[in-house]
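Coordinate inspection notes
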Amino acid sequence: MKVIILRKKQFKAESKKLLDMMINSIYTHKEIFLRELISNASDATDKLYFKSLTDTSIATDKLAIRIDLDKDARTVTISDSGIGMTPEELEKNLGTIAKSDSLNFKNENEGDENMENIEVIGQFGVGFYSSFMVADKVEVVSKALGCDEAAKWVSEGADGYTIEPCEKDSVGTVITLHIKDDTENDNYSQYLEQYKIQELVKKYSDYIRYPIVMEMTSQVPDPEKEGEYITEVNDEVLNSQVPLWRKSKSEIKDEDYNEFYKQKFYDYTDPALVIHSKTEGQATFDALMFVPQNAPFDFYSKEYEKGLQLYSNGVLIMDKCGDLLPDYFSFVKGLVDSADLSLNISREILQHDHQLKIIAKAIDKKIKSELTKLLRKEREKYEKIWETFGVQIKWGVYADYGMNKDGLKDLLLFKSSNGGWATLKEYRDRMADSQDNIYYACGETAEKIALLPQCEAVKEKGYEVLYFTDDVDEFAIQMLMEYDGKHFANILKDDFDLSTDAEKEAMQKQNENSKEWLGKMKDLLGDEVTAVKLTNKLGSHAVSLAAEGYVSLEMAKVLSQMPGANDQMKAQLVLEISSSHPIAEKLANADEATLEKYTKILYNQARLIAGLSVENPTELADSIADLMV
Ligand code: ADP
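Just so you know, these numbers come straight off a predicted model, no measurement behind them.

Basis of the calculations
- Sequence order as written defines the numbering, with residues in each chain counted from 1.
- Side-chain atom pairs in this predicted model are given and counted only at pLDDT of 80 or more, local residue features only at pLDDT of at least 70, and totals for whole chains, interfaces and linings cover all residues.
- Each side-chain value is derived from all of the structure's non-hydrogen atoms; neither hydrogens nor water enter the calculation.
- Per the convention used, a helix needs a DSSP run of H or I reaching at least four residues, while a strand needs a run of E reaching at least two, with both numbered from the N terminus.
- Only protein chains enter the accessibility calculation, which uses a 1.4 Å probe; a residue whose area is less than 20% of its type maximum is buried, one above 50% is exposed, and one in between is partly exposed.
- Computed with a 1.4 Å probe, the accessible areas rest on the Shrake-Rupley method; for each residue, only the protein chains presented here act as cover.
- A carboxyl oxygen of Asp or Glu within 4 Å of a side-chain nitrogen of Lys or Arg is what we treat as a salt bridge.
- Here the nonpolar core consists of buried residues drawn from Ala, Val, Leu, Ile, Met, Phe, Trp, Tyr and Cys, with membership extended through side-chain atoms lying within 4.5 Å.
- It only takes one pair of heavy atoms within 4.5 Å for two residues to be counted as in contact.
- What counts as a ring pair is set by centres within 6.5 Å for rings of Phe, Tyr and Trp (its six-membered ring), and what kind of pair is set by the plane angle: stacked under 30 degrees, edge-to-face over 60, tilted for all other angles.
- For helices, the fitted axis covers only the stretch in contact; all axes are lines through C-alpha atoms, and the angles between them, taken along N-to-C directions, range from 0 to 180 degrees.
- Angular relationships are summarised with four words: roughly parallel below 35 degrees, roughly antiparallel beyond 145, roughly perpendicular across 65 to 115, and oblique for the angles in between.
- Here a crossing is taken to be left-handed if its near helix is turned anticlockwise relative to the far helix by less than a right angle, and right-handed if that turn runs clockwise.
- For this classification, the nonpolar set comprises Ala, Val, Leu, Ile, Met, Phe, Trp, Tyr, Cys and Pro, the charged set comprises Asp, Glu, Lys and Arg, and every other residue, Gly included, is treated as polar.
- Here, strands pair whenever DSSP counts at least two bridges between them.
- The directions from the helix axis to the C-beta atoms are what the arc is built from.
- Under this definition, polar contacts are N or O atom pairs within 3.5 Å; protein pairs additionally need one hydrogen-donor-capable and one acceptor-capable atom, and for neighbouring residues in sequence, both atoms have to be side-chain atoms.

The next thing to look at is the overall build of the protein chain. Helices and strands together make up the secondary structure of the protein chain, namely 20 helices and 22 strands. Burial analysis of the protein chain (629 residues in total) assigns 50% to the buried set. Accessible area of the protein chain: about 31,900 Å², with a carbon and sulfur share of 47%.

For the rest of this paragraph, the subject is the pattern of salt bridges. On inspection of all chains with the given rule, the structure shows 38 salt bridges. Ionic pairing is found between aspartate 270 and lysine 262, a salt bridge with its closest N-O pair at 3.0 Å. Measuring nitrogen to oxygen at the nearest pair gives 3.2 Å for the salt bridge that ties glutamate 370 to lysine 366. Of this pair, glutamate 370 and lysine 366 both sit in helix α8 (residues 354-377), four residues apart, which is roughly one turn of the helix. Taken together, the shared-partner salt bridges in this structure form one network comprising Arg246, Lys278, Asp286 and Asp337.

Further remarks concern the nonpolar core. Generally speaking, soluble globular proteins have nonpolar side chains that are buried together. Counting residues in each nonpolar core, the largest one holds 73 residues, and the members touching the most others are Phe329 and Ile363. Leave out the neighbours within four places in its chain, and phenylalanine 329 touches Asp364, Ile367, Lys368, Leu371, Ile393, Leu408 and Leu411. Listed in part, the 53 residues of the second largest apolar core include Ile38, Tyr161, Leu177 and Tyr207.

Per the counting criterion, the structure on display carries 23 aromatic pairs. Seen from their ring centres, phenylalanine 299 and tyrosine 300 are 4.9 Å apart, and the 80 degrees between their planes marks the pair as edge-to-face. Classification of phenylalanine 299 by relative accessible area gives buried; the value is 6%. Taking relative accessible area as the criterion, tyrosine 300 reaches 57% and is therefore assigned exposed.

Glancing now at the packing of helix α9 (residues 379-402) against helix α14 (residues 471-480). How two helices sit against one another is set out by the angle between their axes and by the gap between those axes. Interhelical geometry of α9 versus α14 gives an angle of 45 degrees and a closest axis separation of 9 Å. Taken as axis vectors, α9 and α14 run oblique relative to one another. The handedness of the crossing between α9 and α14 is left-handed. Here α9 contributes Val391, Lys394, Trp395, Val397, Tyr398, Tyr401 and Gly402 to the contact with α14, which in turn contributes Val472, Asp473, Phe475, Ala476, Met479 and Leu480. Broken down by class, the residue content of the contact of α9 with α14 amounts to 10 nonpolar, one polar and two charged.

Turning to helix α13 (residues 453-460), its buried residues are Pro453, Gln454, Cys455, Ala457 and Val458. Packing partners of the buried residues in α13 comprise β16 (437-442), α12 (446-450), β17 (466-468), β21 (543-548), β22 (572-578) and α19 (592-609). Positive phi appears at glycine 462, one or two residues downstream of α13, with a value of about 95 degrees.

What follows concerns the environment of valine 532. The residue valine 532 is located in strand β20 (residues 531-535) in this model. Separated by 15 residues in sequence, valine 532 and tryptophan 517 have C-alpha atoms that sit 9.5 Å apart. Excluding residues within four positions of it along the chain, valine 532 makes contact with Leu518, Met521, Lys522, Leu525, Leu575 and Ile577.

Another aspect to go through is the sheet that holds β21. On the basis of which strands lie adjacent, the open sheet formed by three strands has the order β20-β22-β21 and mixed pairing. With one partner strand each, in any of the chains shown, β20 and β21 form the two edges of the open sheet. Taken pair by pair, the neighbouring strands of this sheet meet at an average axis angle of 35 degrees, ignoring direction. Running over the sheet, α19 touches β21 and β22 and is turned about 70 degrees from β21.

A few words now on helix α3 (residues 87-95). By the burial criterion, the buried members of α3 are Pro87, Leu90, Leu94 and Gly95. Along the axis of α3, the buried residues cluster in a sector spanning 90 degrees; they form a single face.

Running from N to C, helix α16 (residues 515-525) and α19 point in directions that differ by 65 degrees, and their axes come no closer than 10 Å. In this structure, α16 crosses over α19, and the sense of that crossing is right-handed. Counting all contacts with α16, which are made through Trp517, Lys520, Met521, Leu524 and Leu525, the residues of α19 involved are Glu592, Leu595, Glu596, Thr599, Leu602 and Tyr603.

Tracing the backbone through its elements, the reader meets asparagine 490 in strand β19 (residues 486-490). Residue asparagine 490 is classed as buried on the basis of its relative accessible area, which comes to 7%. Polar side-chain contacts of asparagine 490 include one of 2.9 Å to the side chain of glutamate 474. Those residues in contact with asparagine 490, other than ones at most four positions away along the chain, are Tyr440, Ala441, Glu474, Phe496 and Ser552.

Right, let's talk about the pairing of strand β11 (residues 308-312) for a bit. For β11, the tally of buried residues reaches five of five residues, placing the bulk of the element in the interior. Strand direction decides the pairing type here: β11 and strand β12 (residues 315-321), joined by four bridges, are antiparallel. Within the sheet, the bridge partner assigned to leucine 308 lies in β12 and is cysteine 321.

All quantities given are derived from atomic positions and should not be read as evidence of function.
Put into structure tokens, the structure is as follows:
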């Protein structure tokens, strides 16, 4: 046997901090320690079961999780017959927080007051550590499958742990918690009571697939003496063992779903939407899916991995099956359980599995239909989800050359000049007969777009404008091309014009007549603009920039930030001057020096209005100040 030197080891720094939080937690749900330990035991048993599918020498007829209470010794013991841990694994798994997600999250939030708020712990898979919320000493004895040696891990909290060899006959893990003494605020002794443990198992771990067994004491009538009772002690199974998703919907309460979600997917808020479906036909499967209220902390990072848990007849075969979810629904959490999948199927084969593809298609359809239903029936809830995850769906419209656009277009929401959010259909239904296109404008926020000169003018004419505030919006809409026979028109484009033919003609004439000074302005601005024009599109405002050609201002902004950006991705800008504004006349009659100064000022002002930066703000400020004195 390998000799393990017994000496106190320190937890890794991060683990230590977390442990401190656990030990001193004011967490109101200390009771979750039990479900965490039972979940670990269940996972370990799953792993053993999974191995047994290819190794018939592994017996699986007695798989169970046991809880023993000892009031005198003040211990709660949780034993499993799962896969166990080797001494090295004990060290690795319980001496550090292996999950890099938790680590990253902690590092990013270092020094943040909220880290003291134990609520965030729900986001970690800190499972095992939660035992220190109720115990001042924890012992773990474990023997791994296929390993001769057993080891015992002991810790009294943050100052470290020991590992030493020990004897253990059977494979599995035994965790003994030495329950803390009661304090003024905390009644720890309750966890030594049978009824309390029974209640907690029912509440949190009812669906665990393996029997959770505990010795229960009950009073039964004495068969020999009438009217008297005797005490009987029997092993009882505390959980129903039916997975939540296998139960019929009518049996399940909202709280059951919420509790299940939070426990399984490490969230601390209830889900925004629950989708529970039973499908029969080409593929037979149960699916239980959730849309979270908040984006997971790593959702927008590369580390985030989409996917649903995959079960075959109640046995977990893959933790994150990415193929089950399209990218545009990557925020959906949940699981799929199908009897049609072979248990010991390998991941590589699974990827090409025909059955899996059918399931994925059905899942996609189901999520779409549930979101559509929510949009119709519970608008506010849908809008909340949209605000959190809508960008993902918009990317879905754009991605893969628009392959999925038709299935997603009616899920889209945009802020609108009509107030609040609008679907494309709502916009379409409100369109006047005379309106040819769906109008939109891009900018940083809806409020800022609403203030753009062009936008004010279009609204004054009585038309609705959609406000595009995300980078992806215009790209998605370009991909969509049209909605219900109507094309989209960017009102910030140079060719956007709502005037009548007569008005257009008049404008053209005015431009013709002002050719000389407009041309001078263009020359002064050089390559910055492709033209300077008079326009009637700006209402009471003096100047604005419009884009010419395919690339709009917003698209140019997005494209210029991409790696490998080049000049071709620049928007071609037209400086527009309101023909009805007194400035037009001023410019027409200005001397060379004044024209030069005004041109620069007006161009920079137009850039600011468009949300573009000004190359030399000091010069601009000085020029304006000069005009004031
Ligand atoms: P998590 O379960 O979220 O991974 P834990 O801190 O609860 O985090 O556990 C860390 C690791 O320790 C687990 O991933 C598992 O490998 C191992 N482990 C914990 N409990 C058991 C157990 N009862 N049997 C076997 N391994 C276990």
